[in-house]
Amino acid sequence: MSHLMNTYARLPVAFTHGEGVWLFDETGKRYLDALSGIAVSTLGHNHPRLVRAISEQAASVLHTSNLYRIPRQEELGDRIAALSGMDEVFFCNSGCEANEAAIKLARFYGHKKNVDHPEIIVMENAFHGRTLATLSATGNRKTQAGFEPLVTGFVRVPYKDIAAIRAVGEHNHNVVAIMLEMVQGEGGINIADDAFQRELRAICDERGWLLICDEVQCGIGRTGHWFGFQQSGVKPDIMTLAKGLGSGVPIGACVTAGRAAGLFGPGNHGSTFGGNPLACAAGLATLDEIEDKALRDNAVRVGAAICNGMREALAGVAGVVDIRGRGLMIGIELDRPCGDLVRQALDAGLLINVTAERVIRLLPALVFTEQDAGALVSALAPLVRKFLAQ
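None of the values given here were measured: they were computed from a predicted structure. (Residues numbered from 1 in each chain as written. Predicted model: local features only at pLDDT ≥ 70, side-chain atom pairs only at ≥ 80, totals over all residues. Heavy atoms only, no water.)

**Topic: the overall build of the protein**
Scanning the protein for helices and strands turns up twelve helices and 17 strands. For 390 residues, the compact-globule formula gives about 21 Å, and the C-alpha radius of gyration of the protein, at 21 Å, lands near that figure. Principal axes of the C-alpha set define a box for the protein whose edges measure 60 × 55 × 45 Å. Expressed as a percentage of the 390 residues in the protein, the buried residues total 55%. When contacts within the protein are restricted to residue pairs at least 6 apart in sequence, those whose partners lie at least 24 apart make up 72%. Surface summary for the protein: the accessible area is close to 16800 Å², and the carbon and sulfur share equals 51%. Seen as two clouds, the 37 positive and the 42 negative side-chain charges of the protein have centres 2 Å apart. (Helix = DSSP H or I, 4+ residues; strand = E, 2+ residues; numbered from the N terminus. Rg over C-alpha atoms; globule rule 2.2 N^0.38 Å. Buried < 20%, exposed > 50% of the residue type's maximum accessible area, 1.4 Å probe, protein only. Contact = heavy atoms within 4.5 Å. Areas by Shrake-Rupley, 256 points an atom, 1.4 Å probe, with all protein chains shown as cover. Lys, Arg positive; Asp, Glu negative; His and termini not counted. Charge placed at Lys NZ, Arg CZ, Asp CG, Glu CD.)

**Some thoughts on the sheet that holds strand β13 (residues 320–325)**
Across the sheet, which stays open at both edges, the four strands sit in the order β13-β14-β17-β16 with antiparallel pairing between neighbours. Edge positions in the open sheet fall to β13 and β16 (353–355), since each of these has one partner strand only. Sheet twist, expressed as the mean angle between neighbouring strand axes with direction ignored, is 25°. (Pairing = 2+ DSSP bridges. Axes fitted to C-alpha atoms, helices over the stretch in contact; angles between N-to-C directions.)

**As for the environment of Val 320**
Relative to the elements of secondary structure, Val 320 occurs in strand β13. Between the C-alpha atom of Val 320 and that of Leu 200, which follows or precedes it by 120 residues, the distance is 31 Å. If we skip the residues at most four places from it in the chain, Val 320 touches Leu 314, Glu 333, Leu 334 and Leu 388.

**Thoughts on the nonpolar core**
With 52 residues, the main nonpolar core has Met 123, Ile 165 and Ile 178 as its most contacted residues. Ranked by residue count, the leading element in this core is helix α9 (residues 277–292), at seven residues. Core analysis: the second largest hydrophobic core is formed by 34 residues, Val 302, Val 342, Val 377 and Phe 387 among them. (Core = buried A, V, L, I, M, F, W, Y, C linked by side-chain atoms within 4.5 Å.)

**Some details on the side chain of Arg 79**
Along the chain, Arg 79 turns up in helix α3 (residues 71–84). Overall, Arg 79 belongs to the buried group, its relative accessible area being 19%. In this structure the side chain of Arg 79 is engaged in a polar contact, spanning 2.7 Å, whose partner is the side chain of Asp 288. Beyond its immediate chain neighbours, meaning those up to four positions away, Arg 79 contacts Leu 284, Leu 287, Asp 288 and Glu 291. (Polar contact = N/O pair within 3.5 Å; in protein donor to acceptor, adjacent residues only side chain to side chain.)

**Concerning α3**
An α-helix turns once per 3.6 residues; consequently, residues spaced three or four apart project the same way. Compared with the 20 Å implied by 1.5 Å per residue over 14 residues, the 20 Å span of α3 between its first and last C-alpha is a close match. All of the buried residues in α3 are Gln 73, Leu 76, Gly 77, Arg 79, Ile 80, Ala 81, Leu 83 and Ser 84. Buried positions along α3 lie against β4 (88–92), β11 (238–241), β12 (252–256) and α9. Of the residues trailing α3, Gly 85 is marked for its positive phi of about 75°. (Expected span 1.5 Å × (residues − 1).)

**What to know about helix α11 (residues 340–347)**
For α11, the complete set of buried residues consists of Leu 341, Val 342, Ala 345 and Leu 346. Buried residues of α11, seen end-on, are gathered within an arc of 140° and therefore sit on one face of the element. Looking at the packing, one finds that the buried side of α11 touches β3 (30–33), β14 (330–334), β15 (350–351), β16, β17 (359–362) and α12 (370–389). A positive backbone phi angle near 80° is found at Gly 349, which sits one or two residues after α11. (Arc of directions from axis to C-beta.)

**Re the sheet that holds strand β5 (residues 119–123)**
Taken together, the seven strands give an open sheet; going across it, the order is β4-β12-β11-β10-β7-β5-β6, and neighbouring strands pair in mixed fashion. Edge strands, defined here as strands with exactly one partner in the open sheet, are β4 and β6 (154–157). Each strand axis lies, on average, 20° off the axis of its neighbour in the sheet, ignoring direction. Across three bridges, the pairing between β5 and strand β7 (residues 175–180) is parallel. Looking at β7, one finds that Glu 119 is bridged to Val 175. Sitting on the sheet, α3 touches β4, β11 and β12, and the angle it makes with β4 is about 125°.

**Topic: the packing of helix α2 (residues 48–58) against α9**
As a packed pair, α2 and α9 sit with axes 9 Å apart at the nearest point and diverge in direction by 155°. Accordingly, the angle class assigned to the pair α2 and α9 is roughly antiparallel. In this structure, α2 crosses over α9, and the sense of that crossing is right-handed. In contact with Arg 49, Leu 50, Ala 53, Ile 54, Gln 57 and Ala 58 of α2, α9 contributes Pro 277, Leu 278, Ala 281, Ala 282, Ala 285, Thr 286, Asp 288, Glu 289 and Asp 292. Class assignment of the residues belonging to the contact of α2 with α9 gives a composition of nine nonpolar, two polar and four charged. (Parallel < 35°, antiparallel > 145°, perpendicular 65-115°, else oblique. Left-handed = near helix turned anticlockwise from the far one by under 90°. Nonpolar A, V, L, I, M, F, W, Y, C, P; charged D, E, K, R; others polar.)

Any functional reading would require information that these geometric values do not contain.
And the structure:
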């Protein structure tokens, strides 16, 4: 690793292959994967349908560029529009690129309304990416430190604080949009309740603002719905996707509806690799498998089994603040920093993550079974108990 830029505090393990929800290291030791590449490996590892789709596409054509029609891209765009009830799709390569497109759209929309300095309301503890614009929209000073000057045009409010949003609207006439995650992933699995979502939609409609939903982590069936916003029946003007859409093949999407549709024309935005045939083949295979195997229902059932199992196993344990989740997006909040649990779990053959310093984050593949849920609880609960007893 001597020539790799030192941007990650990597754990001392390398995986050689995977099978379903299991990964295997260079010594043959196996690990139960409760993180799925940070909500990326929707179908787990070595899924036959995905492998077949990628192999067949690779044997045909990998890339042609967006100078030409790409039938696979058109097909995937149609599927996303049908599943979301939205109108247009722009394909890119990652979540931060999708969010960059959303920010550009909001500014473009503002200028068309003769707002010279359009601004976007964003939330505390949000995470929208690491490019300069998405970093500026992110509500975490730790990730922003050292990269100033940040991009202007963002107004931050506490998560789920309708009064604060209305107050900004009363005093700031440059606001053109609200941007949020319906479930904050990096922020600690914080969930926007249905009433809050509906109020956001109402405020945006009252003021002519765009509602932007960052679904990069909570989209593609993870919450039990195709997209997190569908829990409340609220439809955004812009939705961003990535992570789980390609089950490991990089792909992102910025999806529009209503007043955000039809804004961009040729030359307003673009991507060299975005929506190439290989990525779209992976996306189509992922959506097909979720639908054919009822994996959204599975996410609800197995997510509940994990939450209930952890609540039962940790009942009465001092130091457990909360166990919360929506589908297979689960957070176990402790009363102290618990990053050491990541290495302890690794040693025990379990892959987890800690975010917001005190929240154990679980993001299993959508193919996780109730038996896998039991194995996860059996492995993790004793580690948490031991950690909190220290």
